[in-house]
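The lines below spell out each chain.
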Amino acid sequence: METKEKTRFKHLEKWESTLSACIRCGYCFEHCPMFKYTGWESDAPRAKIITAFGLLSGELEPTKMAADKIFNCFYCKRCEAACSSGVTLTEVFTDAKKDLVEMGLKGPGTTSVTYMNCARCLVCVKACPHEARFHGEDGIETDPVKCQACGICVEVCPAGAAKIENNFGTGREDLITESSRFLSTHTSAKAIVFACNWSYFPDLQASRLPESETHDKDYEIYVNMCAGRLESQLLMAPFLNKAWGVLVAACPEDECQHKNGNTRAKKMIQGMQSTLERVNIDPARLQVVEIPAGDKTLFQAEIDTFIDRLNSMGPIR
Amino acid sequence: MIHQKGIPMKSVDESKLREIFGDNNVKTDPSDLYAFGSDSSVHHAMPWAVVRPDTTGQVQKLMAYANDALIPVIPRGGGSGMCGQTVPIHGGIILDMKRMNRILEINLPDVYCRVEPGVVDDDLNLALKPHGMFYPPTPASSRIATIGGEIANNASGVRSVKYGATRDAVLGMKVVMPNGDLVTLGAHTRVEASGYQLHKLMVGSEGTLGIVVEATLNFVPIPEYRCMGIANFDHLSHAGGAIGAIMASGAIPSMLELVDSVAIKAVNKTMNLGLKEVAASLIFEADGMVKEAVDYEINKMKEICTKHHGSDIKTSYDPKERAKIFMGRKKLFPALSKYDDSLSSTSLADDMAVPYSKMAEMAGKIHEVAKKNNIIMTAYGHCGSGCMHTKILMDTNREDQWASAKKAITEIYEYVRSVNGTTSAEHGIGLSKAESFKVEKADSLKLLQTIKQALDPNNILNPGKLMQAPEDWVTATGLRYAVHN
Ligand code: SF4
Ligand code: SF4
Ligand code: SF4
């Protein structure tokens, strides 16, 4: 019963007792966006902890596939909020990433990359809330240990060169496709809610409801990693698909995990509201609300209020 | 530690699996297999492949193939089993049922619902809530536990004292047998006397007899009123007396929980809750549609607690106050995990049941045995249903602590059996509890094996569990801890 090659993971090593302290209850699955999207338990936070243990103990080879388990994470810390045993999962992941990078396994997983068409304008370097983007030997690079996959660089890059390749359903195109699908398949559909992942899903985790329970659904919630990542094309898309309104949930002032994602979103939405007004659409049809992390009651209340307001306004003519 | 004891890895025909399930629903990379080798137990073993069915037809095809090729198949839900039920001790294919997660029907006039096995317990309750209904067996792990897994282990929880366990809620089911045949068991009615009631046999069979692909479940109305109370006791025996008296009084608690001194200390130490450090606390609850009726039940329980020297008795209908009362119990898991950096909280011998009159004595016995063996054990439990939970705090990196834990557990189970208790009340047997299970059920083991043989002649469904599990759970599989000599 002895472990081998442990020393290769010298940053991860300090978490040995934490890895044992995780009681493997799996409560952290709940709402992990990775798990919600892929449905594979091996992508869920518990599996990442198991992977970290496997790497540290030498039972699991540090391959690209194993490394990706760790690099595929949005750092939303929902798992930590749900953990029954106070495990600080993302801190464990960060140290595992340090070791993996030293072994030449750099992801990218969900961390951002830079495409050839980068104009070297440094906008992303300035915007990155985690100082993960820098001007390196190969142009603009990302430090995969520091990157927390917020997607802000993707949103600000004027050349479209900053990308998160493994989006797991949170990319602009995915969200546009999914929200259009909801709007076109539900005659009762009125609103699309884009929730920052820090808000809450007052919703099913994975199970699917019978038609009879969902056919009269009037809104659908789509999760975004940070409100700062929302951009106008995405927010306009539902209106083009006959939505009555769009609601955005962001963290309260000073509580953004990515520094200023929420204020960035608010500014952008203000701009869009004036555009709506100019084309004679009530700007109140596009709203942003502040939801503290995990406040599911408030989130549901805000959604209900928004739907009530839309009901009094009726569809866009 | 992976040491699969010389079990040769049989070749799984990967292309066959891809043909049945599609490329996106088959995993064979070690990084995935490694994660699927664990559940919430202390065990770990590597499977050979993981597949994810979406339809009953796919499950049937897989079983026909596996039965022919003699490859073990281990059905898996949320992976929240605590005794190694889904750990593939002999390798094989993990059948991850989480994608078969449709709630098929909520039938209010006939008071049943039909669900696929991958439906998460909390999700089912979320779907029933708008109709004023709930599904009561709900274990503590309801946020990830699937209905299939709950059926496999006859799961129950804090409210089972009033509403029963999974077996009481299951009316019928569709099951894929080990040879791929699909059978319909049970009925859609509240009562049935048409023969063997084989659906009840499937409940608690830990995935060794068949694969549930659909279940018909009973549900009940959400009570209008809920009142919770707490009482402190200076002696375990006084709390024990109160438990027995409450259960014998005709009162119907919807919850009756015991929390011992070790648990209270742990919560105080790590969470600073400032709970009074007494020998034991009892948390009791009554619920119902009529307030007077709930008052009646609660007052009865209060009176009994007072009579048995309970003090600091408080009760409340207010949700916030109720949450406060339950806080100590709720924070127990994280408290135990943080109790001491060098100790881990493990699930072993964690859910025995004993007769009501023995609950308190049992808690005392647990403390005595733990002390003798140099480990820390807490006792807390759903004493209303006779179930005692424990957690063992030990240094999981030290081999000698495992030996101590094993000794302590053997002693505790000896006591449990000596007072006509049973090895598992809620979590099942799996691997960790086979030692005591085999002693307890000694005279029916052959019968169990005959049933298994009749239904699964090639022994491919979750082999090596229950009566087939190795006696020594410590060496049954690798342990999921870094154990040093
Ligand atoms: S931080 Fe978020 S994405 Fe990462 S494992 Fe936790 S819940 Fe999943
Ligand atoms: S919730 Fe916490 S203790 Fe439970 S499996 Fe996840 S990390 Fe481990
Ligand atoms: S802006 Fe966000 S996604 Fe981009 S590099 Fe920085 S942390 Fe990563």
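Refer to the preceding data block for the structure.
Throughout what follows, the structure given in this document is the object of discussion. (Residues numbered from 1 in each chain as written. Chains lettered and ligands numbered in written order. Predicted model: local features only at pLDDT ≥ 70, side-chain atom pairs only at ≥ 80, totals over all residues. Heavy atoms only, no water.)

**Topic: the overall build of chain B**
- Each helix and strand counted, chain B has 18 helices and 21 strands in total.
- Relative to a compact globule of 485 residues, whose C-alpha radius of gyration would be 23 Å, chain B shows 23 Å and is just as compact.
- Once the C-alpha set of chain B is aligned to its principal axes, its extents read approximately 65 × 60 × 40 Å.
- Looking at chain B residue by residue over its 485 residues, the buried ones come to 62%. (Helix = DSSP H or I, 4+ residues; strand = E, 2+ residues; numbered from the N terminus. Rg over C-alpha atoms; globule rule 2.2 N^0.38 Å. Buried < 20%, exposed > 50% of the residue type's maximum accessible area, 1.4 Å probe, protein only.)

**Digging into the sheet that holds strand β5 (residues 93–96) of chain B**
Residues and elements named next belong to chain B.
- Reading across the sheet, the 4 strands line up as β1-β3-β5-β4 and stay open at both edges, with mixed pairing between neighbours. Because the sheet does not close on itself, it has two edges, and the strands there are β1 (26–27) and β4 (73–76).
- When β1 meets strand β3 (residues 49–51), the two strands line up antiparallel, connected through 2 bridges. Note on β3: the bridge partner recorded for Lys27 is Val50.
- Where helix α3 (residues 56–69) meets the sheet, its contacts fall on β3, β4 and β5, and the angle it forms with β5 comes to roughly 165°. (Pairing = 2+ DSSP bridges. Contact = heavy atoms within 4.5 Å. Axes fitted to C-alpha atoms, helices over the stretch in contact; angles between N-to-C directions.)

**Topic: helix α10 (residues 261–271) of chain B**
All names here are of chain B.
- Every buried residue belonging to α10 is among Ser261, Val262, Ala263, Ile264, Ala266, Val267 and Asn268, and all of these are buried.
- Check the buried side of α10 and you find it contacts β14 (255–260), β15 (280–288), α12 (319–330), α13 (332–338), α14 (359–372) and β19 (376–382).
- After α10 finishes, the residue Asn272 shows a positive phi value of roughly 55°.

**A short note on the packing of aromatic side chains**
- Scanning all chains against the criterion turns up 7 aromatic pairs over all chains.
- Aromatic side chains Phe134 of chain B and Tyr163 of chain B sit 5.3 Å apart centroid to centroid with 80° between the ring planes, which places their arrangement in the edge-to-face category. Of the two residues, Phe134 of chain B is situated in strand β8 (residues 133–134) and Tyr163 of chain B in helix α6 (residues 160–163); the sequence distance between them amounts to 29 residues.
- With relative accessibility at 12%, the residue Phe134 of chain B sits in the buried group.
- Taken together through their ring pairs, the aromatic side chains of Trp402, Trp473 and Tyr481 of chain B make up a single cluster.
- Directly above the aromatic system of Phe53 of chain A lies the positively charged group of Arg24 of chain A, at a separation of 5.9 Å from the ring centroid. (Phe/Tyr/Trp six-rings, centres within 6.5 Å; stacked < 30°, edge-to-face > 60°. Lys NZ or Arg CZ within 6 Å of the ring centre and 35° of its normal.)

**Concerning the site of ligand 2**
- Around ligand 2 sit Cys22, Ile23, Arg24, Cys25, Gly26, Tyr27, Cys28, Arg46, Cys83, Ser84, Ser85 and Leu89 of chain A, and those are all the residues in its vicinity.
- In terms of residue class, the shell around ligand 2 is made up of 7 nonpolar, 3 polar and 2 charged. (Near = heavy atom within 4 Å. Nonpolar A, V, L, I, M, F, W, Y, C, P; charged D, E, K, R; others polar.)

**Focus on the site of ligand 1**
Residue and element names in this part refer to chain A.
- Among the 14 residues in the neighbourhood of ligand 1, the closest are listed as Cys32, Cys73, Cys76, Lys77 and Cys79.
- Breaking the shell around ligand 1 down by element, the ones donating at least two residues are α2 (33–38), α3 (45–57), α5 (78–82) and α6 (89–102).
- Tallied by class, residues from the shell around ligand 1 come to 10 nonpolar, 1 polar and 3 charged.

**Details of the sheet that holds strand β7 (residues 245–250) of chain A**
Residue and element names in this part refer to chain A.
- The 4 strands lie next to each other as β6-β5-β7-β8, forming an open sheet whose pairing is parallel. Looking at which strands have only one partner, the edges of the open sheet turn out to be β6 (219–224) and β8 (286–290). Strand after strand, the sheet turns through a mean of 20° between neighbouring axes, direction not considered.
- Here strand β5 (residues 191–196) pairs with β7 via 5 bridges, running parallel. Among the inter-strand pairings, Ala191 is bridged to a residue of β7, identified as Gly245.
- Sheet strands touched by helix α9 (residues 172–185): β5 and β6. Its angle to β6, the strand with the most contacts, is close to 170°.
- Packed on one face of the sheet, helix α12 (residues 261–278) meets β7 and β8 and runs near 155° to β8.

**A short note on the packing of α9 of chain A against helix α11 (residues 232–240) of chain A**
All names here are of chain A.
- As a packed pair, α9 and α11 sit with axes 9 Å apart at the nearest point and diverge in direction by 10°. Overall, the two elements α9 and α11 adopt an arrangement that is roughly parallel. The segment α9 lies against α11, with Arg172, Leu175, Ile176 and Leu183 engaging Gln233, Leu234, Ala237 and Pro238.
- Residue classes in the contact of α9 with α11 are distributed as 6 nonpolar, 1 polar and 1 charged. (Parallel < 35°, antiparallel > 145°, perpendicular 65-115°, else oblique.)

**Concerning the packing of helix α9 (residues 236–248) of chain B against α14 of chain B**
All names here are of chain B.
- Put simply, α9 and α14 touch, their axes get as near as 7 Å, and they point 150° apart. Counted together, Leu236, Ser237, Gly240 and Ile243 of α9 and Met359, Ala360, Ala363, Gly364 and His367 of α14 form the full contact between these two elements.
- Tallied by class, residues from the contact of α9 with α14 come to 5 nonpolar, 4 polar and no charged.

**Things to note about the side chain of Arg229 of chain A**
Residue and element names in this part refer to chain A.
- Examined against the element boundaries, Arg229 turns out to sit in the loop between β6 and α11.
- There is no salt bridge for the buried Arg229, and the closest opposite charge comes from Asp174, which lies 7.2 Å off by N-O distance.
- Only 2.8 Å separates the side chain of Arg229 from the side chain of Asn167, close enough to count as a polar contact.
- With residues near it in sequence (within four places) discarded, Arg229 still touches Ala149, Cys150, Gly151, Glu155, Ile164, Asn167, Thr170, Gly171 and Asn224. (Lys, Arg positive; Asp, Glu negative; His and termini not counted. Salt bridge = Lys/Arg side-chain N within 4 Å of Asp/Glu carboxyl O. Polar contact = N/O pair within 3.5 Å; in protein donor to acceptor, adjacent residues only side chain to side chain.)

**Quick look at the environment of Ser205 of chain B**
All names here are of chain B.
- Considering the arrangement of structural elements, one finds Ser205 in the loop between α8 (198–202) and β11 (211–218).
- Here the alpha-carbon distance between Ser205 and Ile151, two residues 54 residues apart in the chain, equals 8.3 Å.
- For Ser205, the contacting residues outside a window of four places in its chain are Ala152 and Leu466.

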